[in-house]
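Close look at the chain arrangement
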Amino acid sequence: MAQALIIAMFIVGIMSWSSVPAQIPIHWDISGQVDAYGSKFTGLLLLPIIALAGYTLIGLTAVFSPAQFQGRAMNALSWFRLAYVLIMAGVFGVIVADVRGANINMNYVIFPLLALMMIAIVNLLRHTNRNKSAKTAPPGGGVQV
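Report follows, based on the coordinates.

Thresholds applied
- Residues numbered from 1 in each chain as written.
- Predicted model: local features only at pLDDT ≥ 70, side-chain atom pairs only at ≥ 80, totals over all residues.
- Heavy atoms only, no water.
- Helix = DSSP H or I, 4+ residues; strand = E, 2+ residues; numbered from the N terminus.
- Expected span 1.5 Å × (residues − 1).
- Buried < 20%, exposed > 50% of the residue type's maximum accessible area, 1.4 Å probe, protein only.
- Phe/Tyr/Trp six-rings, centres within 6.5 Å; stacked < 30°, edge-to-face > 60°.
- Lys NZ or Arg CZ within 6 Å of the ring centre and 35° of its normal.
- Contact = heavy atoms within 4.5 Å.
- Arc of directions from axis to C-beta.

Turn by turn, an α-helix covers 3.6 residues, leaving residues three or four places apart pointing in a common direction. With 28 residues, helix 3 (residues 72–99) should reach 40 Å at 1.5 Å per residue; the first-to-last C-alpha distance of 41 Å fits that figure. Counting buried residues along helix 3, 20 of its 28 residues qualify, which places the element largely inside the surrounding structure. Phi turns positive, to about 105 degrees, at G101, one or two residues after helix 3.

Written out as structure tokens, the structure is:
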């Protein structure tokens, strides 16, 4: 699903290129109102590039530390990667909607997605710590009689 979202971001960005103004919203203040504008490249292509790079780098953590990401920890890492892409896609979606005339308060998009990301982080930490403690505990759980 995450890969499909990244591909969709690139497709929408490329298809929207010719129909959006040269300056588009790229940042919102805490009240959810646009407070900075950037180029079409920044708003329509840089965000999908960052999403792809982050998705790839998060996946590489399991390659560089395979012992830490086994079983449920690997599933938790996959959910974390998806939550990351959802945040990027949510921001991208608001950018595209805004340049097409919708006035969406970013807070209604980003805060629920950040809550989802926090859940994914806690889940990931829980499972990676469980894997660590299982490997460091002596046989029998360390209880000697």
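Moving on, there is more to tell.
Structurally, the position occupied by I110 is in helix 4 (residues 107–136). Assessed through its relative accessible area of 14%, I110 is described here as buried. In sequence terms I110 and V91 are 19 residues apart; their C-alpha atoms lie 7.1 Å from each other.

As enumerated under the stated definition, the model contains zero aromatic pairs in all. One Lys or Arg, R81, reaches over the ring of Y55 and ends 3.6 Å from the middle of that ring.

Our next topic: the environment of A51. Relative to the helices and strands, A51 resides in helix 2 (residues 40–64). Given a relative accessible area of 0%, A51 falls into the buried group. With 42 residues separating them along the chain, A51 and M9 place their C-alpha atoms 9.1 Å apart. In this structure A51 touches I6, M9, Y84 and M88, once residues within four positions along its chain are discounted.

To continue, consider helix 1 (residues 2–16). The end-to-end C-alpha distance of helix 1 is 21 Å, a good match for the 21 Å that 15 residues give at a rise of 1.5 Å each. Inspection of helix 1 places A2, I6, M9, G13 and S16 among the buried residues, and these make up the whole buried set. Projected down its long axis, helix 1 shows its buried positions confined to an angular sector of 105 degrees, all on one face. Along helix 1, exposed side chains directed more than 90 degrees from the buried face belong to I7, I14 and M15. At its buried positions, helix 1 is contacted by helix 2 and helix 3.

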